[in-house]
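In case you want the letters, here they are:
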Amino acid sequence: MTAPMTPKTRAELLAYLAGLGISVTTHDHPPLYTVADSQALRGTISGGHTKNLFLKDKKDNFFLVTVDEEASVDLKQIHQLIGASSRVSFGKPEALMELLGVVPGAVTVFGLINDTSARVKLVLDSALMENAVINAHPLTNEATTSIANADLLRFVEATGHDAVILKVSG
């Protein structure tokens, strides 16, 4: 059995992005646990703000679906869009920590840096990717990091994941 993964820190993530030549801006704020918290406390950070769904199917395939914070997603039908083997449910907090190195309330596309075996399939909503700038938590819900959409795709690919862009929101 392998030793449990030590999740990367915010500083390690930002250093990784810098190492890729990706420039980001990070804003500190009180911990945000919900989209409502985020809208109330983040101030005026421009760009698309993310909502992240950590999902699994019955065959223990894991998916991170990243959509705009206002998007609605039909969880009864999404499995057909994302290639799941069955209907999906939310992944357990233990799996979230094991695979993405984050806790509920801090789920983020940047968690892919911790998924070194590429067990999580990323699905980015096409409507979100229309934003020039995407905002996500830098592995902690006490900050928001703004990244250009093309740079986000570069980050995803650098972590060994495919950036699947699909229309998943209604």
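See the structure above.
**Student:** Sorry if this is basic, but what is going on with the environment of alanine 11 here?
**Tutor:** Mapping alanine 11 onto the fold places it in helix 1 (residues 10–19). Relative accessible area serves as the criterion here: at 55%, alanine 11 is assigned to the exposed category. For the pair alanine 11 and proline 138, spaced 127 residues apart in sequence, the C-alpha separation works out to 8.7 Å.

**Student:** What should I look at first to understand the pairing of strand 7 (residues 143–148) in this one?
**Tutor:** Put simply, side chains in a regular strand alternate between the two faces of the sheet. Within strand 7, five of the six residues are buried, which leaves the element mostly enclosed by the surrounding structure. Two strands pair when backbone bridges link them, and strand 1 (residues 25–28) and strand 7 are joined in this way by four bridges, in the antiparallel orientation. Bridge pairing in strand 7 links aspartate 28 to alanine 143. Both strand 6 (residues 133–136) and strand 7 contribute to a ladder of four bridges, which runs antiparallel. Residue asparagine 135 lies in a different strand from strand 7, and its bridge partner there is serine 146. Linking two consecutive strands that pair antiparallel, namely strand 6 and strand 7, is a turn of six residues; a positive phi of about 75° is found at leucine 139 within it.

**Student:** I would appreciate a short explanation of the environment of lysine 121 in the present structure.
**Tutor:** Tracing the chain through its elements places lysine 121 in strand 5 (residues 120–125). According to the relative accessible area criterion, lysine 121 is partly exposed, its value standing at 32%. Residues lysine 121 and isoleucine 82, spaced 39 residues apart in sequence, show a C-alpha to C-alpha distance of 8.7 Å. Beyond its immediate chain neighbours, meaning those up to four positions away, lysine 121 contacts Phe62, Phe63, Leu64, Ile82, Gly83 and Val164.

Rules of the game
- Residues numbered from 1 in each chain as written.
- Predicted model: local features only at pLDDT ≥ 70, side-chain atom pairs only at ≥ 80, totals over all residues.
- Heavy atoms only, no water.
- Helix = DSSP H or I, 4+ residues; strand = E, 2+ residues; numbered from the N terminus.
- Buried < 20%, exposed > 50% of the residue type's maximum accessible area, 1.4 Å probe, protein only.
- Pairing = 2+ DSSP bridges.
- Contact = heavy atoms within 4.5 Å.

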